[in-house]
Amino acid sequence: MIKSEHISPARLEEIQQKIKYRFKDPGLLVRAFTHTSYVNEKQLHNMESNERLEFLGDAVIALVTNRYLYEKYEKENEGFLTRVKSLAVSKQSLSSAAGKLELGKYLLLGKGEVASGGRERDSSLSNVFEALTGGIYLDSGLENAAVFIKMAFLNELVVDEREAKDYKSELQEIIQKKHKKRPFYEVASETGPEHKKNFLVRAVFNGKVLGEGRGKSKKEAELEAAKEALQALKK
């Protein structure tokens, strides 16, 4: 039976079932969920917050993700892999993974942090995900940490590969190299209700439309416009 004066054995058991990993050292699991606000409020001078585990977990997540993407995208260059990695391990991505596992409800937080929405805050969730990864790594090594990372988000990772390919930067680089100027993007139309808009955007240079794109956001439409412009330029 796991004993902890800060998290009950029943709740620790819940966490381990959710993450599909059982700790050899339960102290690491408790530490992973210990926010610095809790330590400070309770004046627990002998208790460590999860900040050092976050630091370690960040590096472990980066390493596992880099290898995963390296093997998944065999034909893509370093620039593409770097951009996909940044999307994959973003604060939003990790907080989403933590949210699906309901990690926020187990966080040990100070009263002020709880009152201000700390259990749902992206930074708190992404930090506990990193700390938990760091804890698993210390508890049993890289292989088990990798299993957890893949289960939690990598195996179901969906990134906007158009953004990763960075069509806008590629188009800008081609035009700047030849003309020393940049293209710009203009919204040609917006349709649909406020909560479900569709945008038509044009990539324009020297008064000429190079490409058009549609999307559910301006950013998505700009990527499509840049992609079409590149295809036209390369013909």
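Preceding this section is the structure that the text describes.
With that out of the way, let us pick up the overall build of the chain. Along the backbone of the chain there are twelve helices and three strands. When the 235 residues of the chain are sorted by exposure, 43% land in the buried category. Relative to all contacts within the chain whose residues are 6 or more apart in sequence, the contacts with residues 24 or more apart total 55%. Of the accessible surface of the chain, which amounts to about 13700 Å², a share of 47% is contributed by carbon and sulfur atoms. If the 40 positive side-chain charges of the chain are averaged to one point and the 35 negative ones to another, these points end up 4 Å apart.

With that settled, consider the sheet that holds strand β3 (residues 208–215). The strands that make up a sheet pair up through hydrogen bonds in the backbone, lying either parallel or antiparallel. With respect to topology, three strands assemble into an open sheet ordered β1-β2-β3, the strand pairing being antiparallel. Looking along the sheet, the strands with just one partner apiece sit at the ends: β1 (184–191) and β3. Mean inter-strand twist for the sheet, computed between neighbouring axes without regard to direction, equals 25°. Sheet topology places β1 next to strand β2 (residues 198–205); seven bridges connect them, and they run antiparallel. In the strand pairing of β2, F184 is matched with V204.

Looking at the element boundaries, S126 is found in helix α8 (residues 122–140). Looking at S126, the relative accessible area reads 4%, which means it is buried. Remark: the alpha-carbon pair of S126 and K85, spanning 41 residues in sequence, is separated by 15 Å.

Within the structure, S126 has its side chain in polar contact with the backbone oxygen of S123 (distance 3.2 Å). Aside from chain neighbours lying at most four places away, what touches S126 is K91, L94 and S95.

Moving on: α8. Think of an α-helix as turning once every 3.6 residues; residues three or four places apart then point the same way. With 19 residues, α8 ought to run about 27 Å at 1.5 Å a step, and its terminal C-alpha atoms sit 27 Å apart, in line with that. Phi turns positive, to about 100°, at G141, one or two residues after α8.

What counts and what doesn't
Residues numbered from 1 in each chain as written. Predicted model: local features only at pLDDT ≥ 70, side-chain atom pairs only at ≥ 80, totals over all residues. Heavy atoms only, no water. Helix = DSSP H or I, 4+ residues; strand = E, 2+ residues; numbered from the N terminus. Buried < 20%, exposed > 50% of the residue type's maximum accessible area, 1.4 Å probe, protein only. Contact = heavy atoms within 4.5 Å. Areas by Shrake-Rupley, 256 points an atom, 1.4 Å probe, with all protein chains shown as cover. Lys, Arg positive; Asp, Glu negative; His and termini not counted. Charge placed at Lys NZ, Arg CZ, Asp CG, Glu CD. Pairing = 2+ DSSP bridges. Axes fitted to C-alpha atoms, helices over the stretch in contact; angles between N-to-C directions. Polar contact = N/O pair within 3.5 Å; in protein donor to acceptor, adjacent residues only side chain to side chain. Expected span 1.5 Å × (residues − 1).

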